[in-house]
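# Structural characterization, general
So the chains spell out like this:
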Amino acid sequence: MEKDEVPLGKRKDHSLLYPRVITFVRLITGHVLLLHGLGGTYWYIPSRDELIKNAKYIATPGKGILAADESTGTIGKRLASINVENIEANRQALRELLFTSPNALQYLSGVILFEETLYQKTSDGKPFVEVLQENNVIPGIKVDKGVVELAGTNGETTTQGFDSLGARCQQYYKAGARFAKWRAVLKIGPSEPSELSIQQNAQGLARYAIICQENGLVPIVEPEILTDGPHDIIKCAAVTETVLAAVYKALNDQHVLLEGTLLKPNMVTPGSDSPKVPPEVIAEYTVTALRRTVPAAVPGIVFLSGGQSEEEATLNLNAMNKLEVLKPWTLSFSFGRALQQSTLKTWAGKKENVAKAQEAFLARCKANSEATLGKYGGGSGSGLAAESLHVKNYKY
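These notes cover the structure that comes with them. Keep in mind it's a predicted model, so treat the numbers as computed, not measured.

The rules we used
- Residues numbered from 1 in each chain as written.
- Predicted model: local features only at pLDDT ≥ 70, side-chain atom pairs only at ≥ 80, totals over all residues.
- Heavy atoms only, no water.
- Buried < 20%, exposed > 50% of the residue type's maximum accessible area, 1.4 Å probe, protein only.
- Helix = DSSP H or I, 4+ residues; strand = E, 2+ residues; numbered from the N terminus.
- Pairing = 2+ DSSP bridges.
- Right-handed = clockwise from strand over helix to strand, strands pointing away.
- Phe/Tyr/Trp six-rings, centres within 6.5 Å; stacked < 30°, edge-to-face > 60°.
- Salt bridge = Lys/Arg side-chain N within 4 Å of Asp/Glu carboxyl O.

Within strand β14 (residues 330–335), six of the six residues are buried, leaving the element largely enclosed by the surrounding structure. What you see with β14 is no split at all: Thr330, Ser332 and Ser334 on one side and Leu331, Phe333 and Phe335 on the other are buried throughout. Of the strand pairs in this sheet, strand β5 (residues 64–68) and β14 are connected by two bridges, and their pairing is parallel. Across the sheet, residue leucine 66 finds its bridge partner in β14, namely phenylalanine 335. What joins strand β13 (residues 300–303) to β14 is helix α10 (residues 310–322), and the crossover it makes is right-handed.

With the rule as written, the count across this model stands at four aromatic pairs. On the basis of an interplanar angle of 25 degrees and a centroid distance of 5.3 Å, the ring pair of tryptophan 182 and tyrosine 208 is categorised as stacked. Placement of tryptophan 182 in strand β10 (residues 179–186) and of tyrosine 208 in helix α7 (residues 195–214) is noted, with a sequence separation of 26 residues between them. The exposure class of tyrosine 208 is buried, given its relative accessible area of 0%. Summarising the aromatic geometry, the rings of phenylalanine 333 and phenylalanine 335 are spaced 5.6 Å apart at their centres and angled 40 degrees between planes, so their arrangement reads as tilted. Accessibility classification places phenylalanine 333 together with phenylalanine 335 in one group, the buried group. Every member of this aromatic cluster is reached through a ring pair, and the members are Phe162, Trp182 and Tyr208.

Right, let's get into the pattern of salt bridges. Within this structure, the stated rule accounts for 14 salt bridges. A salt bridge links aspartate 49 to arginine 48; the nearest nitrogen and oxygen atoms lie 2.6 Å apart. Aspartate 49 gets classed as partly exposed once you look at its relative accessible area, which sits at 39%. Put simply, lysine 366 and glutamate 370 hold a salt bridge, and the shortest N to O gap is 2.6 Å. With a gap of four residues between them, lysine 366 and glutamate 370 both fall in helix α12 (residues 354–372), about one helical turn apart.

The following block contains the structure:
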C-alpha cells in the first residue's frame, strides 16, 4: 500500500454518498481524496460536511442573500447617481448602513462581499464579518475578476480570475468567508449564445466551483443570461435550459459536490425590448426550465434580479413559490440592485437619512422573505420600488 493510501478500516464511513465497498483512499492534494472502490473511482472532499451544512443554511426558506459585492467601479456608478463621491469612506458608510439595519438581517442567510468590504469595519471598529456572523448571516465573497471578450465570437464573453484563485480562497476562508460567487455572462442574439460561449462558461464555472470546495467555500454558480434584446420568453426558456444543462454536465465532469453548491440563475423573462408578461407566466416558464435541468441534490436556487425593478423581482419570486408543482430545491433571492436601489436613493449620502434608508432596506428584505414562502401580497415600499433597474450589457 502506498503511503498516501488509507485502508478502509481507518476512514469515516461515507456509504450514503459512495459505494459500500471502498478498497482504499488516495490523497490527491491537501484538500481532495480519491476513493477507489467497486464500480469505479469517486472524488471526495474532506470539507464536504461543512459545505453541505452551509449551503443548506443559506437555502433556508424565508431567508435569502444580499449581493453587496459591487466592484469599486460599479459602486462608484451607484454613488454617482446620488451625487456622492466614490471614496472608501462613502463605500464603507453605505455597506454599514445595510449591515446594521435594525431587524433586517433576520431575513438574510448570506451576504456577498467585495474584497475591500470583507476587511472593513463599522464606524465603531467592529469588523463587518463579525456583525454578520453575530446575526447568523454567513459572509460570502466575490472571487471573479470580471468578464473579457471571448475571441472568435460576436462580442460574447468569458470570466477571468483563475490566477491564484485557490490561494485567494484560502485567505478569504481565514477572513471568515464561507461561500463564494463567480458570474458568467451569456447573451441571446441571432446566433447567440454560441456553443463556444456555452461550453467555455460552463467549464469555467465548474472549475471555479471545485477550487472553492477544495478550500472550504460553498460556490454559488451563476450563469446569467442577459435580458438585452427583443426575444420572447419562449426563446429565453430554451436558452436557459440549454445553458443549465451544459453547466451541470461540466459540474459533474469536474467532480463538484452538488449538495455543497447553490445556483444563481436568471429568471426566464422576455427580452428587455419585448412586451412584459405577468409574474405567473414568468414563474411557470422559470420553474419548468429548472425542473428539467437542475438536480434535486442542489439545496437552493437564489435568483439574480437581472435589472428588474425591486417590485417585479419580488412578485416574480413570489409567483414561483406559489406554483403547486414539485420543487426539490428552495427558491430564494440573491439580489443586489433589487434590494438596494430604493435604500440608496433614500439615503442620498446624508447621515440624517440613514434611519429612513434602513427602513426602506428592511421593507425590501421582509418582502422578499415573504416571497420565498409564496406569501407576499405586493405593494411593499415606495414608488422607487417600481423603477426599472435594467442596464444594457450590465457589468460589475
